[in-house]
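Structural overview
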Amino acid sequence: MSSTAARAADQGPDQDPGQGPRPGAPGAPGAPGGGRGEDRFWTVAEHLDDILGHLHPLDPIELQLLDAQGCVLVEDVTVPGALPPFDNSSMDGYAVRIADIAAATEEYPAVLTVVGDIAAGSETAPAVGPGEAARIMTGAPLPPGAQAVVPVEWTDGGLGQGPVSAMPAHSEAPEGASGRVRVYRPAKAGQHVRARGCDAGAGELALRAGTVLGAPQIGLLAALGRAAVKVRPRPRVVVLSTGSELVQPGQEAGPGRIHDSNSFQLTAAARDAGAIAYRVGAIADDAGALRAAVEDQLSRADIVVTSGGVSVGAYDVVKEAMREVEFRKLAMQPGKPQGFGRVGPDRVPFIALPGNPVSSYVSFELFVRPAIRTLMGTGPIHRPLVRARCPEGVASSPRGRRQFLRGWYEPPGVDAELGVVTPVGGTGSHLIKALAHANALIVVDEDTTEVAAGADVDVVLLT
């Protein structure tokens, strides 16, 4: 089974792998509507291949650590020196020699002379001789002569009143760094000591090129002393929705108006894919205004994504304004109208999505997410694809179109080979509530007009 969503939408019924359209198929020579662009139906795979064929990973740059979060590392990082760089305590307690406390019990504690304090960050530490101990804090260097650390809870804390649970603050009781301490339990050599190099040795591989830098990786780089790192930057995605009917959330939607959901949904999806996303919001159905808005955003865009204005209506403003973009009909449902081109002097990729909320989101997952991941230079670029049983089946699906239905996927149990997927809501491309309650897309291929109850289907996982 393929692990990519692209193969779930690979070849339509009228195309053989590695060949052109079959004679008589849409787009074939002599067929009605033959030719490129809107003169024929494209398969999902053809449209995706055309987009990805114009993209390559962004050039590497050096970024400060926190700016590199979410980016892909382009160099192997090795450990410059032992980590940790010195033996240090993993507990608040007392650094001791193990022979001095070997017979210690609560009834007959070992009594040791405290020779000083060692705080984290101390550059020098008092040596520990026979019958001696040094009070030590977590992270502080193990002093010469010491072989182990006993936690403060194993001692009387130097107070002579039985086991304690914590040390008093040094500012309140500086005398704790001297005097005598009773130890009630023995310790083994190296106990509660983090040995030099126990995390990583000098020269070891810390992070491999291709790693996506999350919080733990950023922490490791900082621990290694790296202030900056060479990465592929996160792609910058500018999102615009179109339509004079759109008003912003928080504003009243008057007669004939609806709230703009697409720009929020697509911006969130771009961030989820790993991009830095800029939401421009809704642009009215005016070709000049849209063109100006796009040109104004190109300086901060690695991809421009629009929703709406790509179909066959008189007010489809994206088609009117963006003459360098090729608009197409795809053999899919939802999401038949699509557009792709490169705009501006830097030839910024421009992906035009349909305006219905479900259509735009499904189209994002199939086309924009792989584009973002390609620019990042990391895989997988597609959502996972699995096989699942569909107990309810699918009553009908249009022949010649690859359908993507919203579904809820449950992974297989202990004794099951396949998970289970259930359709959520209807097929309408405006049903955004059903989309919000789905975690998968059920894929019905072009040759299938219904799926029997209990049959197996391909499922694209969205989470």
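Before going into details, it helps to say that this report is about the structure given with it. Positions within a chain are numbered from 1, following the residues in the order the chain's sequence is written. Totals for whole chains, interfaces and linings use every residue, but because this is a predicted model, local features are given only for residues with pLDDT of at least 70 and side-chain atom pairs only at 80 or more, for both listing and counting. For side-chain calculations, the full set of non-hydrogen atoms in the structure is used, while hydrogens and water are omitted.

Labels follow the DSSP assignment, with helices taken as runs of H or I lasting at least four residues and strands as runs of E lasting at least two, numbered in each case from the N terminus. Each helix and strand in the chain was counted, giving 8 helices and 27 strands. Both definitions apply: the radius of gyration is a C-alpha atom measure, and the globule rule equals 2.2 Å times residues to the power 0.38. By the compact-globule yardstick of 23 Å for 463 residues, the chain is too spread out, its C-alpha radius of gyration being 32 Å. Principal axes of the C-alpha set define a box for the chain whose edges measure 100 × 55 × 50 Å. In the chain, buried positions account for 47% of the 463 residues. Nonlocal contacts in the chain, meaning residues at least 24 apart in sequence, comprise 72% of its contacts between residues at least 6 apart. Positive: Lys, Arg. Negative: Asp, Glu. His and the chain ends are not part of the count. Each charge is placed at NZ for Lys, CZ for Arg, CG for Asp and CD for Glu. The chain carries 40 positive and 52 negative side-chain charges, and their two centres are separated by 3 Å. With a 1.4 Å probe rolled over the protein chains alone, any residue whose accessible area is under 20% of its type maximum counts as buried; one over 50% counts as exposed, and the rest are partly exposed. Whether two residues are in contact is decided by their heavy atoms: any pair within 4.5 Å suffices.

Salt bridge criterion: a side-chain nitrogen from Lys or Arg within 4 Å of a carboxyl oxygen from Asp or Glu. This structure, assessed with the given rule, holds 15 salt bridges. Across the pair E324 and R291 runs a salt bridge whose closest N-O atoms are separated by 2.8 Å. You can see E324 sitting in the loop between α6 (317-321) and β19 (326-330) and its partner R291 sitting in helix α5 (residues 287-297), a full 33 residues away along the chain. The partner of R387 in a salt bridge is D458, with the nearest N and O atoms 3.1 Å apart. Of this pair, R387 sits in strand β23 (residues 385-390) while D458 sits in strand β27 (residues 455-461); the two residues are 71 residues apart in sequence, bridging distant segments of the chain. Here R387 falls in the partly exposed class, since its relative accessible area comes to 34%. Here the salt bridges do not stand alone but share partners, grouping D272, E365, R369 and R383 into one network.

For the rest of this paragraph, the subject is the sheet that holds strand β8 (residues 132-136). Strand pairing is assigned whenever DSSP identifies at least 2 bridges connecting the two strands. Taking strand neighbours across the sheet as the criterion, the 5 strands line up as β9-β6-β8-β7-β10 in an open arrangement whose pairing is mixed. With partners counted over all chains shown, the strands left at the sheet margins are β9 (148-151) and β10 (180-183), one partner each. Strand-to-strand twist of the sheet, defined as the mean angle between neighbouring strand axes without regard to direction, takes the value 40 degrees. Sheet topology places strand β7 (residues 110-118) next to β8; 4 bridges connect them, and they run parallel. Across the sheet, the residue bridging to T113 is E132, located in β8. Note on geometry: axes are C-alpha line fits, over the in-contact stretch for helices, and angles between N-to-C directions span 0 to 180 degrees.

Here we take up the layout of surface pockets. Cavity: a set of points on a 1 Å grid over the protein atoms alone where a 1.4 Å probe fits but cannot get out. Pocket: an open set with protein on both sides within 12 Å along at least five of seven lines, its lining residues, like those of a cavity, having an atom within 4 Å of a point. Grid points are joined across faces, edges and corners, and a volume is the space filled by probe spheres set on the points. Of the voids in this model, the largest pocket is the one considered here, and its volume is about 430 Å³. E245, N262, G308, G355 and N356 are the residues nearest the centre of the largest pocket, which is lined by 25 residues in total. Of all the secondary-structure elements, those providing two or more residues to the lining of the largest pocket are β14 (236-242), β16 (258-259) and α7 (357-376). Among the residues making up the lining of the largest pocket, the classes are represented as 7 nonpolar, 14 polar and 4 charged. Residues are grouped as follows: Ala, Val, Leu, Ile, Met, Phe, Trp, Tyr, Cys and Pro are nonpolar; Asp, Glu, Lys and Arg are charged; all remaining types, including Gly, are polar.

Turning next to the packing of aromatic side chains. In this analysis, rings of Phe, Tyr and Trp, with Trp reduced to its six-membered ring, are considered paired at centre separations within 6.5 Å, and the interplanar angle assigns stacked below 30 degrees, edge-to-face beyond 60, and tilted for intermediate values. Under the criterion given, the structure shown has 0 aromatic pairs. Placement of a charge over a ring requires the Lys NZ or Arg CZ to be within 6 Å of the ring centre, with the centre-to-atom vector within 35 degrees of the ring normal. Directly above the aromatic system of W42 lies the positively charged group of R40, at a separation of 4.3 Å from the ring centroid. The ring of W42 carries the charged tip of R328 above its face, separated from the ring centre by 3.9 Å.

Here the focus is the packing of helix α4 (residues 262-273) against α7. Across the interface, α4 lies against α7 with an axial gap of 9 Å and an inter-helix angle of 30 degrees. Taken together, the axes of α4 and α7 are roughly parallel relative to one another. Our pair here, α4 against α7, has a crossing hand that is right-handed. In this structure, α4 uses N262, Q265, L266, A269, A270, D272 and A273 to contact α7, whose residues at the interface are P357, S360, Y361, F364, R369, I372, R373 and M376. Taken together, the residues of the contact of α4 with α7 sort by class into 9 nonpolar, 3 polar and 3 charged. Here is the rule for angles: anything less than 35 degrees is roughly parallel, anything more than 145 is roughly antiparallel, 65 through 115 is roughly perpendicular, and the remaining ranges are oblique. Take the far helix as the reference: if the near one is turned anticlockwise from it by less than a right angle, the crossing is left-handed, and if turned clockwise, right-handed.

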